[in-house]
Amino acid sequence: MTITLVPYHLDERLPDSSFPLPTPGFVPVTRELPQGDVWARVGALYELVSAEVADQVAGGTRPTVVSGDCLVSTAVLAGVQRAGVDASVVWFDGHGDIHSLESSTSGYIGGMPLRQIIGDHPELLTGPLGMRPLPEDRAVLVDARDLDPAEAEFLATSKVRRCPVDDVALPDGPLVLHIDLDVIDKDDLPGLRFPVGDGPSRDAVLASYRRVMATGRVAALDLACPWHLPEGDDTAIRTRLLTEILSA
């Protein structure tokens with residue numbers, strides 16, 4: 001298995017210690033980012049990610065992309081599409097990540113990728129990457145227990161499907177499986193940037209993940225590790241978790 005490591009949180013380059021991968025066999029994707037706004041900067045980076053994903057899919061392998069945020073998912077889906085695979089998206093997350101530019105009160109673009117995947121503001125990122133908008137009913141949002149009011153309002157009338165971790169209803173056909181590790185309850189995974197309590201345990205998330213992988217329909221795995229630099233036992237906890245995920 002080849003892991004593609006995108007060692008960034010949005011346009012911030014992170015130290016290698018942020019990603020205690022269990023194997024040295026990974027391909028790092030980095031570049032000198034251009035001047036300009038954050039969309040231009042991440043777009044330049046994600047063009048390389050998309051090309052790498054497309055090459056792997058076209059070559060008959062399943063890409064595994066590890067990064068520090070969820071926005072990279074747009075490049076993963078764009079790469080899968082570029083290789084000729086028409087995939088749906090299964091999105092594990094403690095949050096909704098379905099804000100628009102207009103609905104977000106914080107302006108944090110890491111909370112917008114799923115909304116952009118289904119067609120919001122294509123001129124910012126998905127259009128330049130060549131990603132075709134995904135029909136809403138081919139996006140499955142798993143858990144998302146921490147929704148802002150505007151996200152809940154949008155989802156109430158959207159065709160995006162929502163499921164709990166222990167009962168994921170998969171769409172037909174190939175899948176891009178996105179897992180934001182903050183879907184795990186904060187007590188089971190310390191050091192998260194955006195921790196959420198009252199959620200599924202580490203073991204419950206791993207079991208659900210394995211069930212999806214066992215279908216044999218996952219065309220690409222996108223793993224977001226939105227955590228702070230490790231302290232204390234964090235590295236050991238993260239290494240064990242990544243080892244279990246990447247060995248499935």
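Conventions adopted
Just so you know, the residues in each chain are numbered from 1, in the order the chain's sequence is written. Confidence filtering applies because this is a predicted model: local features only for residues at pLDDT of at least 70, side-chain atom pairs given and counted only at 80 or more, and all residues used for totals across whole chains, interfaces and linings. Values reported for side chains reflect all heavy atoms of the structure, with hydrogen atoms and water molecules removed beforehand. Secondary structure is summarised from DSSP: a helix means a run of H or I of at least four residues, a strand means a run of E of at least two, and numbering begins at the N terminus for each. When accessible area is computed with a 1.4 Å probe and restricted to protein chains, residues below 20% of their type maximum are described as buried, those above 50% as exposed, and intermediate ones as partly exposed. Contacts were defined at the residue level, with two residues in contact if any of their heavy atoms lie within 4.5 Å. All accessibility values rest on the Shrake-Rupley procedure with a 1.4 Å probe; residue burial counts only the protein chains present in the view. Neither His nor the chain termini are counted; the positive set is Lys and Arg, and the negative set is Asp and Glu. To locate a charge, the coordinates of NZ of Lys, CZ of Arg, CG of Asp or CD of Glu are taken. The criterion is simple. A nonpolar core is a set of buried Ala, Val, Leu, Ile, Met, Phe, Trp, Tyr and Cys residues joined through side-chain atoms within 4.5 Å. Two strands are said to pair when DSSP picks up at least two bridges between them. With axes taken as lines fitted to C-alpha atoms, and helix axes fitted only over the stretch in contact, angles between N-to-C directions fall between 0 and 180 degrees. One less than the residue count of a helix, multiplied by 1.5 Å, gives the span that helix is expected to have. Pairs of N or O atoms are called polar contacts if they sit within 3.5 Å, as long as, within protein, a hydrogen donor faces a hydrogen acceptor (for residues adjacent in sequence, only side-chain-to-side-chain pairs).

1. Focus on the overall build of the protein
Okay, step 1: Helix and strand counts for the protein stand at six helices and 10 strands.
Okay, step 2: With 248 residues in all, the protein has 54% of them scored as buried.
Okay, step 3: A separation of at least 24 residues holds for 69% of the contacts in the protein among residues at least 6 apart in sequence.
Okay, step 4: By element, 51% of the accessible surface of the protein is carried by carbon and sulfur atoms, the whole surface being about 10000 Å².
Okay, step 5: Side chains of the protein give 20 positive and 37 negative charges; the mean places of these two sets differ by 5 Å.

2. A look at the nonpolar core
Okay, step 1: Ranked by internal contacts, the top residues of the largest apolar core, which has 45 residues, are Val6, Tyr46, Leu71, Val80 and Val176.
Okay, step 2: With seven residues, the single largest contributor to this core is helix H1 (residues 38-58).
Okay, step 3: Contacts of leucine 71, omitting those with residues within four sequence positions, involve Leu10, Trp39, Val42, Tyr46, Ile109, Pro113 and Leu125.
Okay, step 4: Of all hydrophobic cores here, the second largest spans 35 residues; its members include Leu14, Leu175, Ile179 and Val218.

3. Let's talk about the sheet that holds strand S7 (residues 139-146)
Okay, step 1: Overall, parallel pairing links the eight strands, which are arranged S4-S1-S5-S10-S9-S6-S7-S8 in an open sheet. Taken across any chain shown, the strands that pair with only one partner, and hence form the sheet edges, are strand S4 (26-28) and strand S8 (161-163). With direction set aside, neighbouring strand axes in the sheet form an average angle of 20°.
Okay, step 2: Here five bridges tie strand S6 (residues 88-95) to strand S9 (residues 175-180), and the two strands are oriented parallel to one another. Residue pairing for S9: tryptophan 91 is matched across the bridge by histidine 178.
Okay, step 3: Along the sheet, H1 makes contact with strand S1 (3-6), S4, strand S5 (64-67) and strand S10 (218-224), crossing S1 at roughly 175°.
Okay, step 4: Against the sheet, helix H2 (residues 73-82) makes contact with S5, S6, S9 and S10, and its axis sits at roughly 165° relative to S10, the strand it touches most.

4. What to know about the pairing of S6
Okay, step 1: With eight of its eight residues buried, S6 lies for the most part within the structure.
Okay, step 2: By the bridge criterion, six bridges tie S6 to S7 in an arrangement that is parallel. Residue pairing for S7: valine 90 is matched across the bridge by valine 140.

5. A word on the side chain of glutamine 81
Okay, step 1: Within the secondary structure, glutamine 81 sits in helix H2.
Okay, step 2: Judged by relative accessible area, which is 6%, glutamine 81 ranks as buried.
Okay, step 3: Apart from the residues lying within four places of it in its own chain, the contact partners of glutamine 81 are Gly130, Met131 and Arg132.

6. Topic: the environment of cysteine 70
Okay, step 1: Relative to the helices and strands, cysteine 70 resides in the loop between S5 and H2.
Okay, step 2: Using a relative accessible area of 5% as the deciding quantity, one classes cysteine 70 as buried.
Okay, step 3: Along the backbone, cysteine 70 and histidine 121 are 51 residues apart, and their C-alpha atoms lie at a distance of 17 Å.
Okay, step 4: The residues contacting cysteine 70, other than those within four sequence positions of it, are Trp91, Asp93, Asp97, Gly110, Pro113, His178, Asp180, Asp222 and Ala224.

7. Comments concerning H1
The periodicity of an α-helix, 3.6 residues per turn, causes residues three or four positions apart to be oriented the same way.
Okay, step 1: Counted at 1.5 Å a residue, the expected span for H1 with its 21 residues is 30 Å, and the 30 Å between its end C-alpha atoms agrees.
Okay, step 2: Residues Trp39, Val42, Gly43, Ala44, Leu45, Tyr46, Val49, Ser50, Val53, Ala54, Gln56 and Val57 constitute the buried set of H1.
Okay, step 3: Elements that come into contact with the buried residues of H1 comprise S1, strand S2 (8-9), S5, H2, helix H3 (113-117) and S10.
Okay, step 4: By the N-cap criterion, in which a side-chain oxygen at the helix start approaches the backbone nitrogen of a residue two or three places on, H1 is capped by aspartate 37, the distance to tryptophan 39 being 3.2 Å.
Okay, step 5: Glycine 60 sits one or two residues past H1 and shows a positive phi near 90°.

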